[in-house]
Amino acid sequence: MTDQPISHEDVQAAARRIAGGIRPVAVAPAGAGVAPDAEVWFALEFLQHTGSFKARGALNFTAAHAAAGTMPDAGVLIASGGNAGLACAWAAARHGVPAHVFVPATAPEFKVERLRGLGADVRLTGRTYGEALAASRAMAAETGALVSHAYDHPLISAGAGTLLPEIAAAVPGGVDTVVVAVGGGGLYAGVAAAAAQHGIGVVAVEPENCRALNAALAAGEVVDVPVDSIAADSLGASRASGAALAWAQRPGSTSVLVADADIAAARRRLWDEHRLVVEHAAGTALAALTTGAYKPRAGERVAVVLCGANTDPGTL
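Presented here is a report on the structure given in the accompanying data block. Since the structure is predicted, the reported quantities are computational estimates derived from the model, not experimental observations. (Residues numbered from 1 in each chain as written. Predicted model: local features only at pLDDT ≥ 70, side-chain atom pairs only at ≥ 80, totals over all residues. Heavy atoms only, no water.)

1. Considerations on the nonpolar core
And then number 1: Counting 73 residues, the largest nonpolar core has Ile-167, Val-178, Tyr-188, Val-304 and Leu-306 as its most contacted members.
And then number 2: Here the element with the most residues in this core is helix 8 (residues 186–198); it accounts for eight residues.
And then number 3: Excluding residues that lie within four positions of it along the chain, Tyr-188 makes contacts with Val-180, Val-182, Val-202, Ala-204, Leu-213, Ala-244, Trp-247, Ala-248 and Ser-253.
And then number 4: Formed by 25 residues, the second largest nonpolar core is a distinct cluster that contains Val-76, Ala-92, Ala-99 and Val-101. (Core = buried A, V, L, I, M, F, W, Y, C linked by side-chain atoms within 4.5 Å. Buried < 20%, exposed > 50% of the residue type's maximum accessible area, 1.4 Å probe, protein only. Helix = DSSP H or I, 4+ residues; strand = E, 2+ residues; numbered from the N terminus. Contact = heavy atoms within 4.5 Å.)

As structure tokens, this is what we get:
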């Protein structure tokens, strides 16, 4: 964990490093009915390599270390059975180094198989994320492998932040506000750092019972929170990053909460009306608008980040 701040300059540097390596974000109009009187766009980031925005940060992380000559022969190591693990494996393969991914033995088999398909050395360890994390740290100490993180690292967050200027350029006329789902705050911190430079507001959306950033704002410091949400597979961080809290405390940021039932309804709506299969995390972002948790002003141009699609379509 680190409290190192993320700056717009960090995001710009990340954009240069990963140029040509990631898919530029596509956008699409959401149509009428999402938010009265506002112009709403979907940022289709689930079309990114590995199915989520995480590829941006992972590629920035590996590219920065490769350029600096600090990438060890032992490769990269991460504790994550989700999108961050997939992105780490993909980025490591692009640089020709091993990726060691520690996941709990309870991780869904389809995610484990996807990790192995990307060439990762998958270590099934313990039954909880904490046990997998402890095992990963032990291996790092023993082998010298480079430790990555799912969200709380300046290179990871800066890479994620490259999404913001792409959205601003892709939406005709630009955007006034970007809505993002928040777990530990890696995407949020990077987007907020870039958005401040562009004069764009950011809405941070969390499930009611999975609210690491919202609780940190209320307490004035990073705190531990319980994790109990249908979106916990993507947004289940028990603590927000210090960088996320720092940006959330600045003007231009709004924090809102949504209920699980509304998250599920928003996700289903994306399928019913747009034939988009996304994670509950993406539904979390949209739910801020469909529930009125965030109410855009008349004429406001809003982009909702649909952040990932590594999900079982059968759950729709």
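So, next bit.
2. A closer look at unusual backbone geometry
And then number 1: Positive phi, close to 70°, is recorded for Asp-37, a residue that is not glycine.
And then number 2: Mapping Asp-37 onto the fold places it in the loop between strand 1 (27–29) and strand 2 (39–43).
And then number 3: On the accessibility criterion, Asp-37 (62% relative accessible area) is exposed.
And then number 4: Residues other than glycine seldom take positive phi values, yet Arg-275 does so here, at roughly 55°.
And then number 5: Structurally, the position occupied by Arg-275 is in the loop between helix 12 (260–274) and helix 13 (280–290).
And then number 6: Judged by its relative accessible area of 51%, Arg-275 is exposed.

3. Let's talk about the sheet that holds strand 9 (residues 253–258)
And then number 1: Strand order in the open sheet formed by six strands is 1-2-10-7-8-9, with mixed pairing between adjacent strands. Taken across any chain shown, the strands that pair with only one partner, and hence form the sheet edges, are strand 1 and strand 9. On average, each strand axis in the sheet is tilted by 25° relative to the strand beside it, whichever way the strands run.
And then number 2: Relative to strand 8 (residues 201–207), strand 7 (residues 177–181) is paired through five bridges, and the arrangement is parallel. Residue pairing for strand 8: Ala-181 is matched across the bridge by Val-205. (Pairing = 2+ DSSP bridges. Axes fitted to C-alpha atoms, helices over the stretch in contact; angles between N-to-C directions.)

These results come straight from atomic positions and should not be treated as a statement about function.
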